[in-house]
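Remarks on the overall topology
The lines below spell out each chain.
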Amino acid sequence: MSSPNKKTTTTEGKGFFAAMSSGFSMFSTAMRTSVNGLLGYENLEVINPDGGQDDAEEEAQRGRWKQEERDSYWKMMQKYIGSDVTSMVTLPVIIFEPMTMLQKMAELMEYCHLLDLADKSGDPYLRLVYASSWAVSVYYAYQRTWKPFNPILGETYEMVNHNGITFIAEQVSHHPPMSAGHAENEHFTYDVTSKLKTKFLGNSVDVYPVGRTRVTLKSDGVVLDLVPPPTKVNNLIFGRTWVDSPGEMIMTNLTTGDKVVLHFQECGWFGAGRYEVDGYVFNATEEPQLLMTGKWNESMSYQPCDKDGEPLAGTELKEVWRVAAVPENDKLQYTYFAHKINSFDTAPKNLLSSDSRLRPDRYALEMNDMSKAGAEKSSLEERQRAEKRERESNGDKFSPRWFGMTDEVASTPWGDLEIYQYNGKYAEHRAAVDHSDGVDVEDVRTKEFNPWQYSDFSAV
């Protein structure tokens, strides 16, 4: 069986995008230049996404850091080159955003109405267009260059009041850092186990999404499996930080064998190809049925095509997703939905005390109190280490509240993954709370953050 990639990446397949892709080949990647001659650092790579060969040295002087800060962080971080730095390095709060990785997971739900449309569609190929466009849509938010806080073990995030969904995520492991999430409404269920893997390269970091994402459409039980592309964060210390996600996104209908393969173009010189996404929806025998094209920071469209991937005569591109309006000059580059995620407007009644919104370091950073945010972050991390020592001393194990580890180990392009499964207890908890007249109305803003396993560690 031939690979579907050939139809979108070579001219032999005579695909709609073949000529366009080959036309950009001379601009294959953004200019990457070593600037050690100027700065005195060996193998330091600075990438200007908007420029060419001669711009790297000038680009190295830009960015969020002062010169002395760049020097200090480079000296601190260069020993980690080649390492997975997911949780092994303590980073300053100045590079953080007031949001955790669990909240970041919830951002995928902004355009979840596309999954509703997929569930309602009777066309097996069009439902893949809707579902894959939903998967692409979150990359607009993922281009933010601030780092979210790593969740504390046992930390949770709940979200309601958005498109009829209930969302729950929990940090289920600390070493390695792993999160699990579940969302549901009348049209779909969403389940994810996430374990990010990184490779620090000096002035950039590769991020590999070691995880499993499954969407079940409720109308007929179809299960969709998503494999996203890796991400690269460029110019971490020297130059303006920017994000690119070159590679393939594959969404497979595990029930029928149909799939969509989308190619995220790598940014070329002077921004050529940046943000562009194109590909095809294939049937189970790998024949193209629909072509898809767009930009992950703008919109996605589709069009019927023939077996060579050429648009069918008499058809035209139809847009299925476009990014919503965003706040102007937002200091954190947040969307309106990101602000909702951070607010208590999307919090349910009787919010769990382990919720990310309640983290004192996150809130202090939101209030722009860097000193307090740093102190609170250090305090939480030390408390987490103390709990680990207590657990080991007692011979105890941590057990997630809303998810359970299964015996299943999934294979991903970047390594094996232990699968956590939603246990259904959160729905029971939420139903009990929502239907209870005995639950007092509370000011959740005064609730103390408490994800801890041992109550005797809690502050009085």
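Residues numbered from 1 in each chain as written. Predicted model: local features only at pLDDT ≥ 70, side-chain atom pairs only at ≥ 80, totals over all residues. Heavy atoms only, no water.

Assignment of secondary structure puts Glu-158 in strand E5 (residues 156-159). For Glu-158, a relative accessible area of 0% puts it in the buried group. Side-chain polar atoms of Glu-158 contact the side chain of Arg-430, separated by 2.7 Å. Apart from residues lying up to four places away in sequence, Glu-158 is in contact with Phe-167, Ile-168, Thr-346, Pro-348, Leu-351, Leu-352, Asp-355, Arg-357, Tyr-426 and Arg-430. (Helix = DSSP H or I, 4+ residues; strand = E, 2+ residues; numbered from the N terminus. Buried < 20%, exposed > 50% of the residue type's maximum accessible area, 1.4 Å probe, protein only. Polar contact = N/O pair within 3.5 Å; in protein donor to acceptor, adjacent residues only side chain to side chain. Contact = heavy atoms within 4.5 Å.)

In the case of a regular strand, side chains alternate between the two sheet surfaces. Within strand E14 (residues 259-264), five of the six residues are buried, leaving the element largely enclosed by the surrounding structure. When strand E13 (residues 247-253) meets E14, the two strands line up antiparallel, connected through six bridges. Following the sheet pairing, Gly-247 is matched in E14 by Phe-264. Hairpin remark: E13 followed by E14, antiparallel, with five residues in the connecting loop; positive phi at Gly-257, about 90 degrees. (Pairing = 2+ DSSP bridges.)

Enumeration over the complete set of coordinates arrives at 23 salt bridges. Linking Asp-50 and Arg-274 is a salt bridge whose minimum nitrogen-to-oxygen distance equals 4.0 Å. In this pair, Asp-50 is assigned in the loop between strand E2 (45-48) and helix H4 (56-59) and Arg-274 in the loop between E14 and strand E15 (276-282), connecting sequence segments 224 residues apart. Judged by relative accessible area, Asp-50 falls into the partly exposed class, the value being 47%. Here the salt bridges share partners, and the residues they tie into one network are Glu-97, Lys-104, Glu-107 and Arg-144. (Salt bridge = Lys/Arg side-chain N within 4 Å of Asp/Glu carboxyl O.)

Any functional reading would require information that these geometric values do not contain.
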